[in-house]
Amino acid sequence: VSFELEQNYPNPFNPTTAIVFTLNRPTDLNLVIYDLLGNQIRSLLSGKLSAGRHTAVWDGRDDSGRSVAAGVYFYRLVSSEFSATRTMILAK
């Protein structure tokens, strides 16, 4: 296994949540938030990251800086070698 994507914490969350993942080696990746319809809400990370444990924080805002509605969202970590998706709940 070249990576591990953990459950966000806290979950449910308001106003912010931490998404923790571990990489066994440096890799190019994207970490993106989606709504229930599969629409991209926010790109949290994009690019090459070093091996090790990383934390990304989402503040419940979209790519334009607007607060999103309460509800269920997905976060997806993708590279050329792997992908993983988990669910989180934004409570208002």
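One can find the structure itself at the top, above this paragraph.
Residues numbered from 1 in each chain as written. Predicted model: local features only at pLDDT ≥ 70, side-chain atom pairs only at ≥ 80, totals over all residues. Heavy atoms only, no water.

Caption draft 1: The arrangement of the sheet that holds strand β6 (residues 71-79) in detail. One open sheet accounts for four strands, arranged β4-β3-β6-β7; its pairing is antiparallel. Strand pairing shows two members of the sheet lacking a second neighbour, β4 (40-49) and β7 (83-90), which therefore form its edges. This sheet shows a mean twist of 15° between the axes of neighbouring strands, independent of strand direction. For strand β3 (residues 27-34) and β4, the ladder comprises eight bridges, and the chain directions are antiparallel. If you follow I33 over to β4, its bridge partner there is R42. (Pairing = 2+ DSSP bridges. Helix = DSSP H or I, 4+ residues; strand = E, 2+ residues; numbered from the N terminus. Axes fitted to C-alpha atoms, helices over the stretch in contact; angles between N-to-C directions.)

Caption draft 2: Main features of unusual backbone geometry. A cis amide bond, omega 0°, links N11 with the succeeding residue P12. Secondary-structure assignment places P12 in the loop between β1 (3-5) and β2 (17-23).

Caption draft 3: Geometry of the nonpolar core. Among the nonpolar cores identified, the biggest contains 21 residues, and I33 and W58 are the most heavily contacted of them. Of all the secondary structure elements, the ones that give two or more residues to this core are β1, β2, β3, β4, β5 (52-58), β6 and β7. Those residues in contact with I33, other than ones at most four positions away along the chain, are I19, N39, Q40, I41, R42, L44, W58, Y73, F74, Y75 and M88. (Core = buried A, V, L, I, M, F, W, Y, C linked by side-chain atoms within 4.5 Å. Buried < 20%, exposed > 50% of the residue type's maximum accessible area, 1.4 Å probe, protein only. Contact = heavy atoms within 4.5 Å.)

Caption draft 4: The packing of aromatic side chains, seen in detail. The final tally for this structure, using the stated rule, is three aromatic pairs. Geometrically, the ring pair formed by F3 and F82 is stacked, given 3.8 Å between the ring centres and 15° between the ring planes. Within this pair, whereas F3 is found in strand β1, its partner F82 is found in the loop between β6 and β7, the two being separated by 79 residues in sequence. Here F3 matches F82 in class, with each residue buried. Taking the centre distance of 5.5 Å and the plane angle of 70° together, the rings of W58 and Y73 count as edge-to-face. With W58 in strand β5 and Y73 in strand β6, the pair connects residues that are 15 residues apart, well separated along the chain. (Phe/Tyr/Trp six-rings, centres within 6.5 Å; stacked < 30°, edge-to-face > 60°.)

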